[in-house]
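Coordinate analysis (summary)
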Amino acid sequence: MSAVTPTLTDLTIPVVGAPMAGGPSTDDLVAAVSGAGGLGFLATAYRPGTAVAQSITALRDRGVDRFGANVFVPDAPADHVVDRAALRAYRDALAPRAAALGVTVPEIPEYSTDAYDEVVAVLVEAAVPWVSFTFGLPSQSDVAALHDAGSAIVITVTDVDDARAAVDRGADVVWVQGPEAGGHRSTFSVDAEPPTTPLVDLLPAVRAAIDVEVIASGGVASGADVARLLALGADAVAVGTLLLNTPEAGTSGAHRRALADPAFAETVLTRAFSGRPARGLDNAFHRDLHELAPATFPELNTLTGPLRTAAAVQGDPDGVTLWAGTGVAAVTDDPAATVVERLWAQARELG
Ligand SMILES: Cc1cc2nc3c(=O)[nH]c(=O)nc-3n(C[C@H](O)[C@H](O)[C@H](O)COP(=O)(O)O)c2cc1C
């Protein structure tokens with residue numbers, strides 16, 4: 001196995017395709033972003049280790065060697081607090097919606113970190129070049145195993161203190177996620193309210209506090225945004241939302257249509273779908289349930305799962321997650337390579 005840790009200076013284009021769990025991040029999307037000269041990321045959350053291993057093999061079989069994989073860090077079992085009464089009340093609140101969709105709300109699941117351990121073992125075994133962690137710090141032993149395999153460790157943070165903690169834990173790259181970002185905020189505890197410091201202020205503050213490579217993400221809508229973030233000290237800039245409607249993404253039909261629909265233009269931060277704060281387009285599910293949602297992850301995510309799946313089958317944008325960042329108005333259905341190359345061409349003209 002390689003012992004040479006990759007660096008972001010290896011990229012032809014300093015643009016990262018953000019990991020997007022729940023469907024959007026397909027092997028094709030990762031291959032397209034990396035093929036264009038950027039860095040594509042697999043999302044492993046909610047996927048078994050066997051499926052992740054298959055994606056890694058499939059990417060390598062088609063000649064993609066430069067890519068990353070992202071995992072959601074679970075709470076240590078001893079630290080995992082579940083307010084079962086609040087979850088039961090949320091179950092009751094979901095019941096009429098579930099009945100209308102013809103599904104049942106699942107029982108509150110048992111907590112386990114087995115799936116995470118299994119996926120990390122797959123990533124170590126496969127020596128994935130960049131491994132990124134969201135929602136917390138990986139264990140020292142996982143960091144050591146990945147470093148031995150030659151992986152660069154990436155840790156996603158939302159404030160300066162977490163950036164310092166990430167470097168202390170062995171991060172080779174700190175991924176700074178601003179409040180503009182689509183999808184889940186990478187706060188290190190489930191019940192924390194995510195910081196609101198704009199990315200353009202957070203990034204230089206993090207840059208001044210640490211001395212490793214930095215990826216910046218959140219609300220990027222244009223090459224001008226890329227140029228600005230690079231000038232503020234990012235080594236690479238990540239985009240998620242801008243890739244959601246590319247043909248390579250696995251985004252659901254309801255999500256795709258909402259992204260292109262001016263009626264869904266506003267983004268909100270909501271716990272209604274998963275129990276963790278995440279930014280998405282405002283819809284009825286959020287409006288009806290956000291106030292009732294306890295800060296509990298991943299149990300709450302499991303409770304809403306069958307409702308989200310049924311609404312997706314019906315193509316109902318008011319019943320599915322519509323994760324999107326504040327740059328949503330710039331979404332196009334161009335191929336992912338075109339999106340990445342265009343961002344970089346515009347950024348270079350300005351830079
Ligand atoms: C649909 C969607 C799914 C996401 N899933 C993940 C994920 O699995 N892991 C992760 O670290 N971040 C996830 N994110 C956040 C992205 O990594 C990134 O921080 C964000 O997309 C950047 O903001 P932007 O969407 O405004 O470009 C997701 C974002 C979106 C839009």
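Structure: above.
Starting from 1, residues in each chain are numbered consecutively following that chain's sequence as written. The predicted origin of the model limits local features to residues at a pLDDT of at least 70 and limits the giving and counting of side-chain atom pairs to 80 or more, whereas totals for whole chains, interfaces and linings rest on all residues. To get the side-chain values, all heavy atoms of the structure are used, and hydrogens and water are removed first.

1. Quick notes on helix α8 (residues 223–231)
Exposure categories follow from relative accessible area, calculated using a 1.4 Å probe and restricted to protein chains: below 20% of the type maximum is buried, above 50% is exposed, and the middle band is partly exposed. Only DSSP runs of H or I reaching four residues or more are called helices, and only runs of E reaching two or more are called strands; each is numbered from the N terminus. For α8, the set of buried residues is Gly-223, Val-226, Ala-227 and Leu-229. For α8, the angular spread of buried residues about the axis comes to 165°, placing them on one side. The inward-facing, buried residues of α8 contact α7 (199–209), β8 (213–217), β9 (236–239) and α12 (336–350). What qualifies as a polar contact is a pair of N or O atoms within 3.5 Å, subject to a donor-acceptor requirement within protein and to the restriction that residues adjacent in sequence count only when both atoms come from side chains. N-capping of α8 is provided by Ser-222, with a side-chain oxygen placed 3.3 Å from the backbone N of Ala-224. The directions considered for the arc run from the helix axis to the C-beta atoms. Here, residues are in contact when the closest pair of their heavy atoms is within 4.5 Å.

2. Brief notes about the pairing of strand β6 (residues 173–177)
In terms of burial, β6 is a largely internal element, five of the five residues being buried. Here β6 shows no split at all, with Val-173, Trp-175 and Gln-177 on one side and Val-174 and Val-176 on the other all buried. Where strand β5 (residues 152–157) meets β6, four bridges bridge the pair, whose relative direction is parallel. Residue Val-157 lies in a different strand from β6, and its bridge partner there is Val-176. Orient the strands so they point away from the viewer, and a crossover whose first-strand-to-second-strand path over the helix runs clockwise is right-handed. A crossover links β5 with its parallel partner β6, the connecting element being helix α6 (residues 160–169), and its sense is right-handed. Bridge count between β6 and β8: five bridges; the pairing is parallel. The pairing criterion for strands is at least two bridges between them, as found by DSSP.

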